[in-house]
Amino acid sequence: VTIQIVKGNMNEKNEHNEIIKAAEQGDAISQYNLGAMYDYGEGVEQNYWMAEKWYTLAARQGDADAQYNLGVMYHNGQGPLENHKTAFKWFTLAADQGHADAQYNLGFMFAKGKGVPQNIKTAVNWFTLAAEQGDTDSQYNLGQMYREGKVLPQNDKTALSWFARSWYTKAAEQGHSKAQYNLATMYSQGDGVPVCDKTAAKWFTLAAEQGEDGPQY
């Protein structure tokens, strides 16, 4: 989970009591915060069951972060029994509100057929929504899917390579090492782009600085 643990402004000394009080009075942000505290063991003993309880109360009021975190808990089997269908439900509610991480997770679930029937077109749609918000993993996955011909007909090599390079570049420019390496291989091999040793060397170097030293497919 990569979202903020605490939302809003709280005085550190009194924040726990204030969060609990507000959460019990029905404040959605405080319910989310209390769920996150139990989820991460921040200021309280870690308790996934209590995290699920408070996240659910916030999620039912439409808090997208709580919906996303619930999805993560059900997907990973934290606290509640592992249930990919329930994870899908919460991810969808968060994704429909524009939550990029939830959109990425839905893309992953559809791409792998995990908890839902595999559907590459739907996976691409969710990855694209997240990628357009700057999510580098979604950008990288789109690059992979276009390069491997999973999105367009295999005989449309020019379009496949263009889209693959475009998404790899967006991710690579944000420091995604796998995208940097694969972009380098495209330029070194002339895979849908003119061979350019200088550009290839640039991306190979940036990828190597992050420990990438082999093909990523």
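This text follows the structure it describes.
Residues numbered from 1 in each chain as written. Predicted model: local features only at pLDDT ≥ 70, side-chain atom pairs only at ≥ 80, totals over all residues. Heavy atoms only, no water.

S.K.: Just to check I follow, could you spell out the packing of helix H8 (residues 136-147) against helix H9 (residues 157-172) for this structure?
M.R.: A pair of packed helices is characterised by two quantities: the angle between their axes and the separation of those axes. Look at H8 against H9: their axes get within 8 Å of each other, and the N-to-C directions meet at 160°. The angle between the axes of H8 and H9 places the two elements in the roughly antiparallel class. Crossing geometry of H8 relative to H9 is assigned as left-handed. Of the residues in H9, those in contact with Thr136, Gln139, Tyr140, Leu142, Gly143, Gln144, Tyr146 and Arg147 of H8 are Leu160, Phe163, Ala164, Trp167, Tyr168, Lys170 and Ala171. Broken down by class, the residue content of the contact of H8 with H9 amounts to nine nonpolar, four polar and two charged. (Axes fitted to C-alpha atoms, helices over the stretch in contact; angles between N-to-C directions. Helix = DSSP H or I, 4+ residues; strand = E, 2+ residues; numbered from the N terminus. Parallel < 35°, antiparallel > 145°, perpendicular 65-115°, else oblique. Left-handed = near helix turned anticlockwise from the far one by under 90°. Contact = heavy atoms within 4.5 Å. Nonpolar A, V, L, I, M, F, W, Y, C, P; charged D, E, K, R; others polar.)

S.K.: Is there a simple way to explain the environment of Ala131 in this structure?
M.R.: Mapping Ala131 onto the fold places it in helix H7 (residues 120-131). Since its relative accessible area comes to 3%, Ala131 is described here as buried. A C-alpha to C-alpha distance of 8.3 Å links Ala131 and Leu142, two positions eleven residues apart in sequence. Dropping the residues within four chain positions of it, Ala131 is found in contact with Ser138, Gln139, Leu142 and Trp167. (Buried < 20%, exposed > 50% of the residue type's maximum accessible area, 1.4 Å probe, protein only.)

S.K.: I tried to follow the packing of helix H5 (residues 84-95) against helix H6 (residues 100-112) on my own but got confused; where do I start?
M.R.: Contact geometry of H5 with H6 gives a least axis separation of 8 Å together with a crossing angle of 140°. Between H5 and H6, the angle is such that the two are oblique. In this structure, H5 crosses over H6, and the sense of that crossing is left-handed. Between H5, through His84, Phe88, Phe91, Thr92, Ala94 and Ala95, and H6, the contact on the second element is made entirely by Ala102, Gln103, Asn105, Leu106, Met109 and Phe110.

S.K.: What exactly am I supposed to notice about the packing of aromatic side chains here?
M.R.: Any aromatic ring pair is given by two values, namely how distant the centres are and how the planes are angled relative to each other. Across all of its chains, the model carries eight aromatic pairs by this definition. Ring geometry for Tyr32 against Tyr55: centres 5.8 Å apart, planes inclined by 35°, an arrangement best described as tilted. In this pair, Tyr32 sits in helix H2 (residues 28-40) while Tyr55 sits in helix H3 (residues 48-59), placing the two residues 23 residues apart along the sequence. Both residues of the pair, Tyr32 and Tyr55, belong to the buried class. Ring centres 5.8 Å apart and planes at 45° place the aromatic pair Tyr68 and Phe91 in the tilted group. With Tyr68 in helix H4 (residues 64-76) and Phe91 in helix H5, the pair connects residues that are 23 residues apart, well separated along the chain. A residue is classified by how much of its surface remains accessible, and Phe91, at 1% relative accessible area, is buried. (Phe/Tyr/Trp six-rings, centres within 6.5 Å; stacked < 30°, edge-to-face > 60°.)

S.K.: Honestly, H9 in this entry has me stumped. Any pointers?
M.R.: The end-to-end C-alpha distance of H9 is 21 Å, a good match for the 22 Å that 16 residues give at a rise of 1.5 Å each. Those residues of H9 hidden inside the fold are in contact with H7, H8, helix H10 (177-189) and helix H11 (197-209). (Expected span 1.5 Å × (residues − 1).)

S.K.: It is not clear to me how the pattern of salt bridges should be interpreted in this structure. Could you clarify?
M.R.: Once their charged atoms are close, side chains differing in charge can pair, the charge on each being opposite to the other. Within this structure, the stated rule accounts for three salt bridges. When the shortest N-O distance is used, the salt bridge between Glu148 and Lys150 registers 3.3 Å. For Glu148, a relative accessible area of 31% corresponds to the partly exposed category. Salt-bridge contacts for Lys178 lead to Glu212; the nearest nitrogen and oxygen are separated by 3.6 Å. Here Lys178 is found in helix H10, whereas its partner Glu212 is found in the segment after H11, with 34 residues between them in sequence. Residue Lys178 is classed as partly exposed on the basis of its relative accessible area, which comes to 31%. Given the relative accessible area of 12%, Glu212 is considered buried. (Salt bridge = Lys/Arg side-chain N within 4 Å of Asp/Glu carboxyl O.)

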